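Okay, here's what each chain looks like letter by letter:
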Amino acid sequence: MTTNVAVETTPEAPLWNDPTQDIAVRVSALIDAMTLEEKIGQLYGVWVGASAEGGEVAPHQHDMEEAVDLDALLPAGLGQLTRPFGTAPVDPALGALSLSRTQKRIASANRFGIPALAHEECLAGFATWGATAYPVPLSWGATFDPGLIRRMAAAIGRDMRSVGVHQGLAPVLDVVRDARWGRVEETIGEDPYLVGSIGTAYVQGLQSTGVVATLKHFAGYSASRAGRNLAPVGMGPRERADIILPPFEMAVREGGAGSVMHAYTDTDGMPSAADEDLLTGLLRDTWGFDGTVVADYFGIAFLKTLHGLAADWAEAAGAALRAGVDVELPTVKTFGTPLAEAVRAGRVPESLIDRALRRVLTQKARLGLLDGDWNPVPAALDGADPDDPDTLRGTIDLDSPANRELARTVAEEAVVLLTNDGTLPLDRPRRIALVGPNAAEATAVLGCYSFPQHVGVHHPQTPAGIDLPTLHDALRHEFPDAELTVVRGTGVDDGDVTGIAEAVRVAREADVVVAALGDRAGLFGRGTSGEGCDSESLTLPGAQQHLLDALLDTGRPVVAVLLAGRPYALGRAVDEAAAIVQSFFPGAEGTTAIAGVLSGRTNPSGRLPVSVPRGSGAQPATYLGARLAQVSDVSSIDPTAAFAFGHGMSYTSFHWDDLSVDQAEADTAGEFSLAFTVRNTGERHGTEVVQLYLHDPVASVVQPVQRLVGYTRVPLAPGEERRLRVTVPADLASFTGRNGRRVVEPGELHLRLSASSADVRLTARVALTGPERHVDHTRRFHARFEQGTGHGPGTEPRTAG
């Protein structure tokens, strides 16, 4: 239904073009002036590729879509441009020129001069040719450092915005429920608080640059049965409410996310794309979200083809609109002619069109796309000559030294030292045997949504566009005096064992063996990790475990280095390797970061965002298990992790003591305050990651044995100690009770100050008193850590953030 607003307009200055007017008034006036086709035109995107010569974009064809005639569509307007930079390799400056020319064409073709909103993937950096490849989200989680991830996201956003991009399809807020799922690399971890806090920081950083962040996949995509991609989800309402939804709550409320992408999956028979209770009742009516809901690619059509909820495209479009989906992506399918015909036939109310349109136009107004002085030329092309494209080539740098330095910092903080018998750091070894499929593979550091792995593989004649030093390159630079011998041994997943004998021979002649193992990222079966690359078990792919065991048999010290997208069971290596270094697709600077850890130039501070299993088949498993999920005498399967969530070693040691509790009781609306001291008792500067877990011994419904409710990084010089105070709101003890509402119950709680989920250092036993209390999405999400002034040998007084 169209809202009539009394306004005064002139042909020269329509109200909707006036940025001094209230956005709601501007949008209402514009909606009133639009035909049905013009309204619908704003509700879909078209998948395009920028011109490598700087000309206008060309529609991209996909096996799930029909050809698009831009000339026929544009007079009615166009809502979005899908991945103009991320469809094929294109020089950034010429891509920006192509997008600018296309936006001018789009705006000129419709009566209201409205340009399209351009979106791109940005899961591990701006997914375009020549842009910095940052570590994947699982590495973000390993940093336990929201501030750093906020900085990284801001750098990504600045690059995107500078060339004319408005929306980024990140972050992924799915919580890992089964590590066999191929998209584990895209997630932040297996704990909802870690996912929510890191993901919210990413949203804040990206949106600080004027790029709209898109939360995905809403909701439950990662909880599919057997870890299969795009499979049914089997979970109850409490798992959804207490594990899956909190990261989205946090990112909406604290991050102010501008967009949400629905999930492909169905939960208990209800596809997310058609779930009105989820997309409208919860997201908008309860949480107050006021941005746009966009379709995961082809997701609305899937209501007909995969879910069987719609008999035709119009019915699919109507179901999605009714549920709360505003924009069809990546291209027009159901929201085009089928929807217009359905509205005219009375099958879909026009009020649903207007509702979605209001959200889309509001977002465009906030981005300045409705302003009368809107300019299609992005900041990076200011002053450039658009008539001489050849002079533009190479003038925009999306892989700047500042980007690389930031990427290196994230990679360094994300490296996790799992075990070490004292072999690391390496002390000037004379002979290093570098063995394994990832020893000299440049792309071993990249996730499946990096441009080279996502798109570049289809253009083998085009160079990667960024420098990707191999682990061989990095170790050669890190240990210039060592004799470094490289042997592949076996492939990532080819099962070839013919090279293992040579690997063993080289290993026996070395002082130390570095085994470079792990994954190859790809899409839909082209890799061992990534979208559609699910695994039947968590055994290392191919013959890699066979190679690793053979290296262990040599008796030489073996340092296993994992460049992977998920955790793997490592068999004998858990107990027999000299050291194990875990890195989750650490990006373009990843091998440099790993080399720094091996040499000791960097003291590792990464912590596991996912548990590393001891057995390859004990899945699904997560540290968030209830008591029945733990090892027992009545099952022959032991799900206990080899390395627990939150685990990570350092080259120094830390001692925690002197716990004090201000008061042992608090009201269910109150808070607790604890204080304790952390001391660096070693000989090197290092960073301890303090983790706070909550254990609820007795509750009205079954609870995990413990769950993370807070964390902080504590940098300390040798001999330095720091007094930490942590305030713990009672809200953090809330969970979904028997009646489906979130509740804080009176009773005993254990607050565990821990170095990992399996390494409790101090425990405060406290109690909540008073009446049972219901809370909602406005509850407090965080414990507050305050770090006092550090003091001790060789330190200067300072205040920690």
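Report on the accompanying structure. A quick note: this is a predicted structure, and the numbers were derived from the prediction, not measured. (Residues numbered from 1 in each chain as written. Predicted model: local features only at pLDDT ≥ 70, side-chain atom pairs only at ≥ 80, totals over all residues. Heavy atoms only, no water.)

1. Regarding a negative patch on the surface
Piece 1. Residues Asp385, Asp387, Asp388 and Asp390 make up a contiguous surface patch of negative charge.
Piece 2. Looking at the secondary structure, you find aspartate 387 in the loop between helix H14 (350-366) and helix H15 (401-414).
Piece 3. Residue aspartate 387 is classed as exposed on the basis of its relative accessible area of 68%. (Patch = residues over 30% accessible without salt bridge, like charges linked within 9 Å, V, L, I, M, F, W, Y side chains within 5 Å. Areas by Shrake-Rupley, 256 points an atom, 1.4 Å probe, with all protein chains shown as cover. Salt bridge = Lys/Arg side-chain N within 4 Å of Asp/Glu carboxyl O. Lys, Arg positive; Asp, Glu negative; His and termini not counted. Charge placed at Lys NZ, Arg CZ, Asp CG, Glu CD. Helix = DSSP H or I, 4+ residues; strand = E, 2+ residues; numbered from the N terminus. Buried < 20%, exposed > 50% of the residue type's maximum accessible area, 1.4 Å probe, protein only.)

2. A few points about the pattern of salt bridges
Piece 1. One pass over the structure, following the stated rule, counts 44 salt bridges.
Piece 2. Arginine 240 is paired through a salt bridge with aspartate 275; the nearest N and O atoms lie 3.7 Å apart. Taken together, the residues arginine 240 in helix H8 (residues 237-244) and aspartate 275 in the loop between strand S9 (270-271) and helix H10 (276-286) connect sequence positions 35 residues apart.
Piece 3. For arginine 240, a relative accessible area of 18% gives the class buried.
Piece 4. Residue classification places aspartate 275 among the buried residues on the basis of a relative accessible area of 8%.
Piece 5. Aspartate 657 is the salt-bridge partner of arginine 679, the closest N and O atoms lying 3.7 Å from each other. You can see arginine 679 sitting in strand S21 (residues 671-680) and its partner aspartate 657 sitting in strand S19 (residues 654-661), a full 22 residues away along the chain.
Piece 6. Connected through salt bridges with shared partners, the residues Asp399, Arg404, Arg408 and Glu589 form a single ionic network.

3. Let's talk about unusual backbone geometry
Piece 1. Cis peptide bonds are those with omega within 30 degrees of zero, and the linkage from lysine 216 to histidine 217 qualifies with 5 degrees.
Piece 2. With respect to the helices and strands, histidine 217 occurs in strand S6 (residues 212-218).
Piece 3. The residue after leucine 424, namely proline 425, is reached through a cis peptide bond having omega -5 degrees.
Piece 4. Note on placement: proline 425 falls in the loop between strand S11 (416-420) and strand S12 (431-435).
Piece 5. Positive phi is not limited to glycine here, since aspartate 268 has a value of about 50 degrees.
Piece 6. For aspartate 268, a relative accessible area of 73% puts it in the exposed group.

4. Brief notes about the pairing of S12
Piece 1. Within S12, 4 of the 5 residues are buried, which leaves it mostly tucked inside the rest of the structure.
Piece 2. Pairing of S12 with strand S13 (residues 483-487) involves 5 bridges; the strand directions are parallel. Bridge pairing in S13 links alanine 433 to threonine 485. (Pairing = 2+ DSSP bridges.)

5. Some points on the sheet that holds S21
Piece 1. The 4 strands are arranged S19-S21-S24-S30 in an open sheet whose pairing can be described as antiparallel. The open sheet is flanked by S19 and strand S30 (784-787), the only strands paired with a single partner. The mean inter-strand angle of the sheet, taken between neighbouring strand axes irrespective of direction, is 20 degrees. (Axes fitted to C-alpha atoms, helices over the stretch in contact; angles between N-to-C directions.)

6. Points about the nonpolar core
Piece 1. Ranked by size, the top nonpolar core spans 186 residues in total, and within it Tyr202 and Phe218 carry the most contacts.
Piece 2. Here tyrosine 202 is in contact with Cys122, Trp140, Ile149, Met152, Ala153, Ile156, Ala170 and Pro171, once residues within four sequence places are set aside.
Piece 3. Counting 34 residues, the second largest nonpolar core, distinct from the first, contains Ala133, Val597, Leu598 and Tyr651. (Core = buried A, V, L, I, M, F, W, Y, C linked by side-chain atoms within 4.5 Å. Contact = heavy atoms within 4.5 Å.)

7. A closer look at the state of the cysteines
Linking two cysteines covalently through their sulfur atoms gives a disulfide.
Piece 1. Inspection of every chain in the model, using the stated rule, returns 0 disulfides.
Piece 2. In this structure cysteine 122 is not part of a disulfide, and its nearest cysteine sulfur, from cysteine 448, lies 14 Å away.
Piece 3. Owing to a relative accessible area of 0%, cysteine 122 belongs among the buried residues under this scheme.
Piece 4. With no disulfide of its own, cysteine 448 lies 7.1 Å from the sulfur of cysteine 533, the closest cysteine sulfur.
Piece 5. For cysteine 448, a relative accessible area of 0% corresponds to the buried category. (Disulfide = S-S within 2.5 Å.)

8. So, the packing of helix H12 (residues 313-323) against helix H13 (residues 337-344)
Piece 1. Where H12 contacts H13, the two axes come as close as 8 Å, and the packing angle between them is 80 degrees. Judged on the interaxial angle alone, H13 and H12 are roughly perpendicular. On the side of H12, the interface is formed by Trp313, Ala314, Ala317 and Leu321, while H13 contributes Pro338, Leu339 and Ala342.
Piece 2. Of the residues contributing to the contact of H12 with H13, the split by class is 7 nonpolar, no polar and no charged. (Parallel < 35°, antiparallel > 145°, perpendicular 65-115°, else oblique. Nonpolar A, V, L, I, M, F, W, Y, C, P; charged D, E, K, R; others polar.)

9. Focus on the packing of aromatic side chains
Piece 1. Summed over the entire model, instances satisfying the criterion amount to 15 aromatic pairs.
Piece 2. Taking the centre distance of 4.6 Å and the plane angle of 5 degrees together, the rings of tyrosine 623 and phenylalanine 645 count as stacked. On the criterion of sequence distance, the pair formed by tyrosine 623 in the loop between strand S17 (612-613) and strand S18 (641-643) and phenylalanine 645 in the loop between S18 and S19 is long-range, its members being 22 residues apart.
Piece 3. We classify tyrosine 623 as buried; its relative accessible area is 11%.
Piece 4. Taken together through their ring pairs, the aromatic side chains of Phe144, Tyr193, Tyr623, Phe645, Tyr693 and Tyr711 make up a single cluster.
Piece 5. A cation sits over an aromatic face here: lysine 216 above tyrosine 449, 5.5 Å from the ring centre.
Piece 6. Lying across the ring of tryptophan 313, lysine 304 places its NZ or CZ 4.7 Å from the centre. (Phe/Tyr/Trp six-rings, centres within 6.5 Å; stacked < 30°, edge-to-face > 60°. Lys NZ or Arg CZ within 6 Å of the ring centre and 35° of its normal.)

10. Some words on the packing of H12 against H14
Piece 1. Look at H12 against H14: their axes get within 10 Å of each other, and the N-to-C directions meet at 55 degrees. On the basis of the axis angle, H12 is oblique to H14. Note that H12 runs across H14; the crossing there is left-handed. Residues Gly318, Leu321, Arg322 and Ala323 of H12 lie in contact with H14, whose contacting residues are Leu352, Ile353, Arg355 and Ala356.
Piece 2. Of the residues belonging to the contact of H12 with H14, the class tally is 5 nonpolar, 1 polar and 2 charged. (Left-handed = near helix turned anticlockwise from the far one by under 90°.)

11. A look at helix H7 (residues 192-207)
Piece 1. Between its terminal C-alpha atoms H7 stretches 22 Å, which fits the 22 Å expected from 16 residues at 1.5 Å a residue.
Piece 2. Counted residue by residue, H7 has 14 buried out of 16 residues, so it is predominantly covered. (Expected span 1.5 Å × (residues − 1).)

12. A look at the sheet that holds strand S23 (residues 707-716)
Piece 1. If you trace the 5 strands from one edge of the open sheet to the other, you get S20-S28-S27-S22-S23, paired in mixed fashion. The open sheet has two edge strands, strand S20 (665-667) and S23, and neither has a second partner. Neighbour to neighbour, the strand axes of the sheet diverge by 30 degrees on average, direction disregarded.
Piece 2. As judged from the 3 bridges shared by S20 and strand S28 (residues 759-769), these two strands associate in the parallel manner. Across the sheet, aspartate 667 pairs through a bridge with threonine 769, a residue of S28.

13. A short note on helix H19 (residues 544-553)
Piece 1. The element H19 is largely enclosed, with a buried count of 8 among its 10 residues.
Piece 2. Here H19 has its buried residues at Gln544, Gln545, Leu547, Leu548, Asp549, Ala550, Leu551 and Leu552.
Piece 3. Residues of H19 that are buried in the fold lie against S12, helix H18 (500-508), strand S14 (512-518), strand S15 (558-564) and helix H20 (573-576).

14. A few points about the environment of glycine 141
Piece 1. Its place among the elements puts glycine 141 in helix H5 (residues 137-143).
Piece 2. Sequence separation between glycine 141 and valine 610 is 469 residues, and the spatial gap between their C-alpha atoms is 8.8 Å.
Piece 3. Those residues in contact with glycine 141 that sit more than four places away from it in its chain are Ile188, Leu194, Arg607 and Pro609.

15. Description of the environment of aspartate 285
Piece 1. Tracing the sequence through the fold places aspartate 285 in helix H10.
Piece 2. Since its relative accessible area comes to 61%, aspartate 285 is described here as exposed.
Piece 3. As for aspartate 285 and glutamine 453, which are separated by 168 residues in sequence, their C-alpha atoms are 39 Å apart.

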